[in-house]
Amino acid sequence: NLKLVGSHVGISIGEDGPSQMALEDLALMRAIVGSTVLYPAEAVATEKLLEQMATVKGVCFLRTSRPKTPVIYGNDEQFPIGGAKVLRTGDKVTIVGAGVTLFEALKAADTLKAEGINVTVIDAYSIKPLGKKEILAAAKKTNNTVITVEDHYSEGGLGDAVAGELSCEGIKVHKLAVVGIPRSGHAAELMAAFGIDAAAIVKKVKSL
């Protein structure tokens, strides 16, 4: 019955460089049988998920982000383990983010909306168990197409979690993730370089 919290994850920690950037932690923790893996995007979600994690038996991992992120949920918002939050609705494609990439997805949605392209954005705060019900329902309304965006290597993270649950449902999943060993740099520069920022999401949506 072990509770773990991992910080300094992903390329979004910036200047500390690759020796400090956990980019395979979601894959490691997802691989443990019976584990629970959570990834809140902001303060309210973190508090609510931490409270729940304390009551769940077994190995639990909460992935936290170093960058400051805006509070987007009210204090009365609930975050059931195994759920997901739909923050934007559209008919073009469903974008699934978690942690820092959720905010990149929201920026991309606003940019696309200004151009007449409406997308659905989902906060996948529960990686394992995944909020399959919410993601699948959204995908069926967006041409059976999902884009996942994660500050993690492409192997074993959010994209693989979504693809593993939805591929058998006839949903096509496109993964945006970190490929290759990163370098030290500003978070925004690194996210752009590895194709997981808002601009990369906009480009991917338009390519579909």
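Bear in mind the structure is a predicted one, so any value in this text is a computation, not a measurement. (Residues numbered from 1 in each chain as written. Predicted model: local features only at pLDDT ≥ 70, side-chain atom pairs only at ≥ 80, totals over all residues. Heavy atoms only, no water.)

S.K.: I would appreciate a short explanation of helix H2 (residues 43-53) in the present structure.
M.R.: Taken as a whole, H2 has its buried residues at Val 44, Ala 45, Lys 48, Leu 49 and Met 53. Axial view of H2: buried residues confined to an arc of 160°, hence all on one face. For H2, the elements touching its buried residues are strand E1 (3-6), strand E2 (36-38) and strand E3 (60-63). The backbone nitrogen of Val 44 has a side-chain oxygen 2.9 Å away, supplied by the residue at the start of H2, namely Glu 42. (Buried < 20%, exposed > 50% of the residue type's maximum accessible area, 1.4 Å probe, protein only. Helix = DSSP H or I, 4+ residues; strand = E, 2+ residues; numbered from the N terminus. Arc of directions from axis to C-beta. Contact = heavy atoms within 4.5 Å. Polar contact = N/O pair within 3.5 Å; in protein donor to acceptor, adjacent residues only side chain to side chain.)

S.K.: Just to check I follow, could you spell out the sheet that holds strand E8 (residues 145-153) for this structure?
M.R.: For sheets, the rule is that strands pair by backbone hydrogen bonds, running either parallel or antiparallel. The mixed open sheet is built from five strands, whose spatial order is E4-E6-E5-E8-E9. Since the sheet does not close on itself, it has two edges, and those belong to strand E4 (85-88) and strand E9 (172-178), each with one partner. When the angles between neighbouring strand axes are averaged without regard to direction, this sheet yields 25°. Pairing between E4 and strand E6 (residues 120-123): three bridges, direction antiparallel. The residue of E6 that forms the bridge with Lys 85 is Asp 123. Against the sheet, helix H4 (residues 132-140) contacts strand E5 (94-97), E6 and E8, and its axis sits at roughly 170° relative to E6. (Pairing = 2+ DSSP bridges. Axes fitted to C-alpha atoms, helices over the stretch in contact; angles between N-to-C directions.)

S.K.: Which parts of the structure should I look at to understand the side chain of Ser 154?
M.R.: By the secondary structure assignment, Ser 154 is in the loop between E8 and helix H5 (158-166). Owing to a relative accessible area of 19%, Ser 154 belongs among the buried residues under this scheme. Ignoring any residue separated from it by four or fewer positions in sequence, one finds Ser 154 in contact with Asp 160, Lys 175, Ala 177 and Val 178.

S.K.: Help me understand the packing of helix H3 (residues 100-114) against helix H7 (residues 198-207) in this model?
M.R.: For any two helices packed against each other, the geometry is given by the interaxial angle and the distance between the axes. Two elements in contact, H3 and H7, have axes whose closest approach is 8 Å; the angle formed by their N-to-C orientations is 55°. The angle between the axes of H3 and H7 places the two elements in the oblique class. With respect to the hand of their crossing, H3 and H7 are arranged in right-handed fashion. Contacts between H3 and H7 involve Glu 104, Ala 105, Lys 107, Ala 108, Thr 111 and Leu 112 from the former and Ala 198, Ile 201, Val 202, Val 205 and Lys 206 from the latter. Along the lines of polarity and charge, the residues of the contact of H3 with H7 split into seven nonpolar, one polar and three charged. (Parallel < 35°, antiparallel > 145°, perpendicular 65-115°, else oblique. Left-handed = near helix turned anticlockwise from the far one by under 90°. Nonpolar A, V, L, I, M, F, W, Y, C, P; charged D, E, K, R; others polar.)

S.K.: Looking at this structure, how should I read the pattern of salt bridges?
M.R.: Side chains bearing opposite charge may pair, as long as their charged atoms lie close to each other. One pass over the structure, following the stated rule, counts nine salt bridges. For Lys 85, the salt bridge is made with Glu 77, and the minimal N-O distance between the two is 2.7 Å. The shortest N-O distance in the salt bridge between Lys 107 and Glu 104 comes to 3.3 Å. Pair noted here: Lys 107 and Glu 104 are both in helix H3, with a separation of three residues, about one helical turn. Assessed through its relative accessible area of 12%, Glu 104 is described here as buried. When salt bridges that share partners are traced, they join Lys 132, Glu 165 and Glu 169 into one network. (Salt bridge = Lys/Arg side-chain N within 4 Å of Asp/Glu carboxyl O.)

S.K.: Explain the sheet that holds strand E7 (residues 126-128) here, please?
M.R.: Here four strands make up an open sheet; going across it, the order is E1-E3-E2-E7 and the pairing mixed. Both outer strands of the open sheet, E1 and E7, are each paired with one neighbouring strand and no more. Neighbour-to-neighbour, the strand axes of this sheet turn through a mean angle of 20°, independent of strand direction. Here E2 runs beside E3; their pairing, made up of three bridges, is parallel. Bridge assignment links Leu 38 to a residue of E3, and that residue is Leu 62. Most of the contacts of H2 go to E3, to which it runs at about 170°, and overall it touches E1, E2 and E3.

S.K.: Help me understand the packing of aromatic side chains in this model?
M.R.: Two aromatic rings, taken as a pair, are described by how far apart their centres are and by the angle between their planes. A complete count under the given rule lists two aromatic pairs for this structure. Judged by centre distance (5.2 Å) and plane angle (85°), the rings of Phe 79 and Tyr 125 are edge-to-face. Taken together, the residues span a long stretch of sequence, with Phe 79 in the loop between E3 and E4 and Tyr 125 in the loop between E6 and E7 at a distance of 46 residues. Overall, the relative accessible area of 1% leaves Phe 79 in the buried class. With relative accessibility at 1%, the residue Tyr 125 sits in the buried group. An aromatic cluster of three or more residues is present, and its members are Tyr 73, Phe 79 and Tyr 125. Across the ring face of Tyr 39, the terminal group of Arg 63 is positioned such that the distance to the ring centre comes to 4.9 Å. (Phe/Tyr/Trp six-rings, centres within 6.5 Å; stacked < 30°, edge-to-face > 60°. Lys NZ or Arg CZ within 6 Å of the ring centre and 35° of its normal.)

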